[in-house]
Amino acid sequence: MDIANEQGFNTVVDGSFREAMMSTTPVPESCNHVLAEFDSMDPLLSAIRLDSIRLKCTCISVSRKWLALGSSAGGLHLIQKDGWKQRLILTHKEGAISRVACCPHDEDYVAVATSQGFVVVWELNQERRGKPERVYVSSEHKGKQVTAMCWDTAILRIFVGDDIGKVSAIKINSSKQGKAVAFVMFPVQLITTVDSRVVQLDYLDGKLLVSSFTRCYLCDTEREKFWKIGNKEREGDYGACFFPIKSQQPLIYCARPGSRMWEVNFEGKVLSTHQFKHLLSSPPLPLISHRFDPTYDPRGGSSQSIPFPKLLFIKDQHVITWTERGIFIFIPQNVQVLLWCEVKDVLDIAVSKHELFCLHVDGRISHFYLLPAERCVERLMRREMWGLAATVCHLFNHSIVSSRARKTLPVDKLEHLKGQLDISTQQDLISQLEDIVSKLEPLESACSSRRSSISSHESFNILDCGIYRVISRRGSHSDEDSSSLYSQTLSEDDRLKEFSMTQEEEQAEMDNMSHASMNTDVDRNETLLPFHISLPFRPASPRVSLQAVRESVTKFVRKTTEKIGNLHMSSDLKQDSELKDEDQQCEVAIITSSYVEETEVDRTDSYSGLTETDPLQELREATAAAIAQLQDSCIVFEVDCLKKVLQKWLPNLETAFNIKREVSSLNNLSTSLSMHSSDEPEEENSEEALLKNNEIQTVNDIDSCEEGERLLLNQNANVEETREHVFRIHPPCLIPADISKDVMDLTTLCFELNVFAAGEGISEGTSESLPMETLSSLACHFMEDYFFLLDLKRLKHSIITCYPNCLVVWDTYIQGLKEMTQSHPVTSVIEDGELKNVMKVLKGIQSWDSPLVLAHIVRFYEKYGESALRAIVPFYPSIVPSDVKQLCRENPAHFVAYLDRLVKSKPENERLPLLSSLLQPETLRLEWLQLAVSLDAPHKDSCVDAEGKPRAHSHLFTWGYAHLISLLIKLPGDSATTEKMADICRCHGFWLGYLSLCLALEQREEAFTTVVYLDDMSLLNDQKGLIPATLDEWKFLLQLAHNCNSESHHHEEHNGSDTVNGSLDCSNCVSVENLVLLLAKMIGPDSAMMLVQDCGLTTEFTERFTAVCNILKIAEKRQRALIQSMLEKCDRFLWSQQA
């Protein structure tokens, strides 16, 4: 008895100790996030009467604006999240609502699935303040259970999956585009049918992720391709989701049995397997809720082997899933568990940014927030939940003590929190809070740590004008620290925009909490700063700094000009000083590129007092003379005469823009490259180089910047260094408007005719005899020197036509475009923004016909790869395939995928004309066909045997670009091109294309031979024209089928489905019996048998053949009797009319 009492006493003591330990133990330091519930959704459900046993919530979805709740009575409740105002109730007669999905990119559309399998798409018409209307009702899944739905992220299209594995797509035309467009109803598109029930669907960047009961599939909806992810199957409800990563290709995470996940790349290849079983043995974190006091039990449990029924991507690179036991949030890239909390009976979860809306089995809804611990405390203080806020401070004291929390929880706020606690009942919390306050890192520590981190997270360089340029490396530290550093380097306008966005987000949170008592204005003043407060750490605007630099340099130039004007000097010395002033002002124009026009106006004013003659007078006269000579038809149509005119004009251009030294260095380069074909001695070149060096040394320096530029133009510098530093994208001086167009036309004509220099390095007619390597080098130097004078459209066309295989010329052209767009706003967006933001900016460009757009596309492709090409398809014809081909020259697969997507983007009747217009010159047709049959194609050995003959049924293989190949084949062409295309198709085993080309070349016997080897009777039909037209062709085909060793074909591996109930189905094989049956259907059984006897074929026919022939004979007799009866009736009718 005493022992029993002692055991009971020990049990009571252990329970009391455990309870005390749970209430006082903080969470581990690795845990700094919480799942918090600030308010209850029960009053909302009660207001819309979804809290009863008979009528309850069955599904949930959320968007930025709406919370959508489906009910068991067939009603859809749309509640505006701003203030939780109920706005709409949509009723359905097709049964209870089983699934609901809000469109993420257009808040005006929502789709629901009913218990009867109907899918209804609603347009809410909120912008026009009209009544909601049904825009589509699909019965594709009628009688089935819709298990998953997801929206396309770019267009109005929704994907639907059901319990038998069928996945369909519904495309909707928006009424915002006009009534005529909205009237068109697209048919439901069947995407695929998988082997089991669809568990989850997800969509991103043109690819659909399907997670079924047994495995995952990746579908390219544009190219209509499908991949199985991994080789191992599974059994159960396991989800999968896309995992977008900034500036990188997205990843895919697929749930596996045993608390595991597959990490998969965007192409469907499994990269690794992550195991979370042992990580989940850690104890659950407390759920922060007003319903109960949070406690933490530090005792860990056993490892959990749980299934992940669904995976959802949540903000800040997290993945969330749930079971009947709780909610789990992972950091999959680091293989870490962010947190897990015990939340019972969760049926479904909808995610919007950091908000979680949980639907429970009994129809209840919980509203959770995923927040850092310090932000959770701040929000609890706003709601005056003082005790709960103090408890969270104690549980997560390591997060509250850290310096990072000072931005959200300064010391005065914690002191205020301590003052709100009741001394009599909450003495323990007060003491715990005092202990936390005593351990807080001071504010200076946070500031000093932030300043010290600049050296590790940022770098800077000093520009020539003396400005310090600070380069911030985003993503190298935590998000909050990054935003703090980044905000200090923003311009004034960007900071105001960022502030306004923060204020709007804060205001939205306040509206969502309108049912709680709080003072909004006071709380906002505690956390935010108004616009008019001048912060001491806020730097001056970069525009103001640049304006100050420009004004100071301009004043210096004007003072120097006044001093020079007061001097009495000779005309030669005056011209030299003018040249110096011009060079100084050119430097100013380069430094302040955004103010080029203003600087040029100032330079023109300074020249007006110095010069009495036009410095470009010689160029003006030479240009007028050249234009006059080009009016003569005898010169225009004679290339040699035209080159002579340009060679005579070009020295004036070189003199006017002071490019003499660069031209001479180019001539020396051309001489050295063509030394094997030149008879000039090396001494002449060395003497010329010495003269040029002496000429450079005699030029007076104006300032250190100009001296550095002149040293870069030294003849001893190598070609790469010279090309890097002398790229001229801005004119060195102001070009009058009356001659600018003529000078540009003549300069561009020089490039088109390969007139790169005159009288020095290249004589008349030598450009044709120069090797292509030398010519391309000269072309590159010419572009670098005169890029500001070249017509960029004509320049690109000339490069594609004259230098198709010289990559260095194209690269130089792209480099010039990049230089011109270096300071363009689009460039910064491409370098720093996400794919969606870049697309919005590119679509907003007004002048898409400008060649400078190509520079943006190049940067776009360099950063995002094939995803960028998929996105620029709508920009045709501003971006043409020839441009894309140059971009993808190192990866032809990207070009073919772009070309296929471009063709498919047009209607069916416009695809052939589009492809025909792109094939200029005609040789591109063979090149593109070669790429299309080489990429994403079956293995060659599977289609062609060792002797080059077709393998049986190899035409049934799937070719990734079959549609593009068929269009290339259908285009009209000469016989030589058709024969070459036939050879390409035969070598790679694209037999359907080879058959159509054989018919086009009238090689019918070759086509019949191919059909016999492919062993497929379906290829012989009237629609394709591939059926014997004469008795001789029938004899040839029968003899060929008889001589062919059919047994060898049947013993080979068959491609496609040609078995019935486990045995080989020979009814579709090309055999003598099947050919005779086909002939009997055309000319009758008796005539067919006579033809077989004429061929001398002795073949034993099966019972099936005899039965079919008897049926044909009976049908023939009945047909003859019917015809005879009809003729007799017509005869009697005619005789009766005559009587």
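Residues numbered from 1 in each chain as written. Predicted model: local features only at pLDDT ≥ 70, side-chain atom pairs only at ≥ 80, totals over all residues. Heavy atoms only, no water.

*Asks:* Explain the overall build of the protein chain here, please?
*Replies:* When helices and strands are tallied, the protein chain shows 44 helices and 33 strands. Every one of the 1139 residues in the protein chain was classed for burial, and the buried ones make up 47%. A separation of at least 24 residues holds for 60% of the contacts in the protein chain among residues at least 6 apart in sequence. A total accessible area of about 57700 Å² is found for the protein chain, and carbon and sulfur atoms account for 52% of it. (Helix = DSSP H or I, 4+ residues; strand = E, 2+ residues; numbered from the N terminus. Buried < 20%, exposed > 50% of the residue type's maximum accessible area, 1.4 Å probe, protein only. Contact = heavy atoms within 4.5 Å. Areas by Shrake-Rupley, 256 points an atom, 1.4 Å probe, with all protein chains shown as cover.)

*Asks:* Before we go on, may I ask you to explain the pattern of salt bridges in this structure?
*Replies:* For side chains bearing opposite charge, pairing can occur when the charged atoms are close. Throughout the structure, instances matching the rule amount to 38 salt bridges. As a salt-bridge pair, R197 and D237 come within 2.6 Å of each other at their nearest N and O atoms. Of this pair, R197 sits in the loop between strand 13 (189–193) and strand 14 (198–204) while D237 sits in the loop between strand 17 (225–229) and strand 18 (240–243); the two residues are 40 residues apart in sequence, bridging distant segments of the chain. By relative accessible area, which is 27% here, R197 ends up partly exposed. (Salt bridge = Lys/Arg side-chain N within 4 Å of Asp/Glu carboxyl O.)

*Asks:* Any chance you could explain the layout of surface pockets here in plain terms?
*Replies:* Any space left empty among the atoms is revealed by the rolling of a water-sized probe across them. In this structure, the second largest pocket occupies an estimated 850 Å³ of space. Residue assignment for the lining of the second largest pocket shows that the elements contributing at least two residues are helix 25 (792–802), helix 26 (807–820), helix 31 (881–887), helix 33 (908–918) and helix 34 (923–934). Considering each element in turn, the lining of the second largest pocket owes the most residues, six residues, to helix 25. Class assignment for the residues of the lining of the second largest pocket results in 17 nonpolar, ten polar and seven charged. (1 Å grid on protein atoms, 1.4 Å probe; cavity = no way out; pocket = protein on both sides within 12 Å on 5 of 7 lines; lining within 4 Å. Points joined across faces, edges and corners; volume = space filled by probe spheres on them. Nonpolar A, V, L, I, M, F, W, Y, C, P; charged D, E, K, R; others polar.)

*Asks:* Whenever I open this one, the pairing of strand 26 (residues 336–342) confuses me. Can you help?
*Replies:* For a regular strand, the rule is simple: side chains alternate between the two faces of the sheet. In terms of strand pairing, strand 25 (residues 326–331) meets strand 26 through six bridges, oriented antiparallel. In the strand pairing of strand 26, F330 is matched with V337. (Pairing = 2+ DSSP bridges.)

*Asks:* Quick question: what am I supposed to make of the packing of helix 26 against helix 29 (residues 853–864) here?
*Replies:* Two packed helices can be described by the angle between their axes and the distance between those axes. Contact geometry of helix 26 with helix 29 gives a least axis separation of 8 Å together with a crossing angle of 100°. It follows that helix 26 is roughly perpendicular to helix 29 by the angle criterion. Across from W810, Y813, I814, L817 and K818 in helix 26, the residues of helix 29 making contact are L854, A855, V858, R859 and E862. Its residues placed into classes, the contact of helix 26 with helix 29 shows seven nonpolar, no polar and three charged. (Axes fitted to C-alpha atoms, helices over the stretch in contact; angles between N-to-C directions. Parallel < 35°, antiparallel > 145°, perpendicular 65-115°, else oblique.)

*Asks:* What am I meant to see in the sheet that holds strand 21 (residues 270–275) here?
*Replies:* Reading across from one edge, 18-19-20-21 is the order of the four strands in this open sheet, with antiparallel pairing throughout. Of all the strands in the sheet, just strand 18 and strand 21 have a single pairing partner and so form its edges. Averaged over all neighbouring strand pairs, the angle between strand axes comes to 25°, with direction disregarded. Pairing analysis gives four bridges linking strand 18 to strand 19 (residues 251–256), with the strands arranged antiparallel. Along strand 19, the bridge assignment pairs C241 with Y253.

*Asks:* Would you explain the environment of P26 in this entry?
*Replies:* Summarising the element assignment, P26 is placed in the loop between helix 1 (2–24) and strand 1 (33–37). Residues P26 and F396, 370 residues apart in the sequence, show an inter-C-alpha distance of 6.2 Å. The residues touching P26, leaving out its near neighbours within four places in the chain, are Y296, H394, L395 and N397.

*Asks:* What is the right way to read the sheet that holds strand 16 (residues 216–220) from this model?
*Replies:* Sheet strands pair by backbone hydrogen bonding; their relative direction is either parallel or antiparallel. Ordered by their spatial adjacency, four strands build an open sheet running 14-15-16-17, and the pairing between neighbours is antiparallel. Strands with a single pairing partner mark the edges of an open sheet, and in this sheet they are strand 14 and strand 17. Direction aside, the axes of adjacent strands within the sheet are offset by 20° on average. Looking at chain direction, strand 14 and strand 15 (residues 207–212) are connected through six bridges and run antiparallel. Residue pairing in the sheet places L201 in a bridge with V210 of strand 15.

*Asks:* Just to check I follow, could you spell out helix 28 (residues 835–843) for this structure?
*Replies:* Residue pairs three or four apart in sequence face the same way in an α-helix, which turns once every 3.6 residues. Looking only at helix 28, the buried set comprises L835, V838, M839 and L842. Looking straight down helix 28, one finds that the buried residues subtend no more than 100° of arc, so they occupy a single side. The exposed set on the far side of helix 28, more than 90 degrees from its buried face, consists of K836 and K840. Close packing links the buried residues of helix 28 with helix 27 (825–832), helix 29 and helix 30 (866–871). (Arc of directions from axis to C-beta.)

*Asks:* So what exactly am I meant to see when it comes to the nonpolar core here?
*Replies:* Inside soluble globular proteins, nonpolar side chains tend to come together where they are buried. W649, F751, Y813 and F860 are the most contacted members of the largest nonpolar core, which has 141 residues in total. Among the elements that line this core, the one with the most residues is helix 29, at eight residues. Filtering out sequence-adjacent residues up to four positions away, W649 remains in contact with L619, A622, T623, A626, V743, L746, T747 and C750. (Core = buried A, V, L, I, M, F, W, Y, C linked by side-chain atoms within 4.5 Å.)

*Asks:* Looking at this model, I keep getting lost on the packing of helix 23 (residues 737–752) against helix 24 (residues 772–786). Mind explaining?
*Replies:* In contact at an axis separation of 10 Å, helix 23 and helix 24 are set at 165° when each is read in the N-to-C sense. What the angle tells us is that helix 23 and helix 24 run roughly antiparallel. For the pair helix 23 and helix 24, the crossing hand works out as left-handed. Residues T747, C750 and F751 of helix 23 form the contact with helix 24, whose own contacting residues are A779, F782, M783 and Y786. Within the contact of helix 23 with helix 24, the residues separate by chemical class into six nonpolar, one polar and no charged. (Left-handed = near helix turned anticlockwise from the far one by under 90°.)

*Asks:* Where do I start with the packing of aromatic side chains in this structure?
*Replies:* A ring pair, where both rings are aromatic, is described by two values, the distance of the centres and the angle of the planes. Under the definition given, this model contains 21 aromatic pairs. Summarising the aromatic geometry, the rings of F308 and F330 are spaced 5.3 Å apart at their centres and angled 50° between planes, so their arrangement reads as tilted. Note that F308 is positioned in the loop between strand 22 (288–289) and strand 23 (312–314) and F330 in strand 25, a separation of 22 residues in sequence. Judged by relative accessible area, F308 falls into the buried class, the value being 0%. In this structure, R256 is placed above the aromatic ring of W262, and the distance from its NZ or CZ to the ring centre is 4.0 Å. Taking NZ or CZ as reference, R379 lies 5.1 Å from the ring centre of Y369, over its face. (Phe/Tyr/Trp six-rings, centres within 6.5 Å; stacked < 30°, edge-to-face > 60°. Lys NZ or Arg CZ within 6 Å of the ring centre and 35° of its normal.)

*Asks:* Sorry, what's going on with the pairing of strand 17 here?
*Replies:* Here five bridges tie strand 16 to strand 17, and the two strands are oriented antiparallel to one another. Residue pairing in the sheet places C216 in a bridge with I229 of strand 17. Once strand 16 ends, the chain turns through four residues before running back antiparallel as strand 17, passing E224 with a positive phi of about 55°.

*Asks:* What's the story with the state of the cysteines in this structure? I'm lost.
*Replies:* Such a bond, covalent and formed between the sulfur atoms of two cysteines, is termed a disulfide. Applying the stated criterion across every chain yields a total of zero disulfides. With no disulfide partner, C985 has as its closest neighbouring cysteine sulfur the one in C998, 9.3 Å distant. With relative accessibility at 0%, the residue C985 sits in the buried group. (Disulfide = S-S within 2.5 Å.)

*Asks:* Help me understand unusual backbone geometry in this model?
*Replies:* Backbone phi values are negative for most residues with the exception of glycine, while trans is the configuration of most peptide bonds. Residue P877 is reached from Y876 by a cis peptide bond, and omega for that bond is 10°. Residue placement: P877 occurs in the loop between helix 30 and helix 31. Phi angles above zero are rare outside glycine, and N125 is one such case at about 60°. Turning to its location among the elements, N125 is positioned in the loop between strand 8 (119–123) and strand 9 (133–138). The buried category is assigned to N125, whose relative accessible area is 4%. Unlike most non-glycine residues, S247 shows phi in positive territory, near 65°. Inspection of the secondary structure puts S247 in the loop between strand 18 and strand 19. Residue S247 is classed as partly exposed on the basis of its relative accessible area, which comes to 32%.

*Asks:* Explanation requested: helix 43 (residues 1085–1095) in the structure shown.
*Replies:* Those residues of helix 43 that fall on the buried side of the exposure criterion are P1085, A1088, L1091, V1092 and C1095. Taken down its axis, helix 43 places every buried residue within 125° of arc, on the same side. Away from its buried face, by an angle of more than 90 degrees, helix 43 presents the exposed residues M1090, Q1093 and D1094. Along its buried surface, helix 43 packs onto helix 40 (1031–1043), helix 42 (1072–1083) and helix 44 (1103–1138). Phi turns positive one or two residues past the end of helix 43, at G1096, with a value near 75°.

By themselves, these observations are geometric and do not establish any function.
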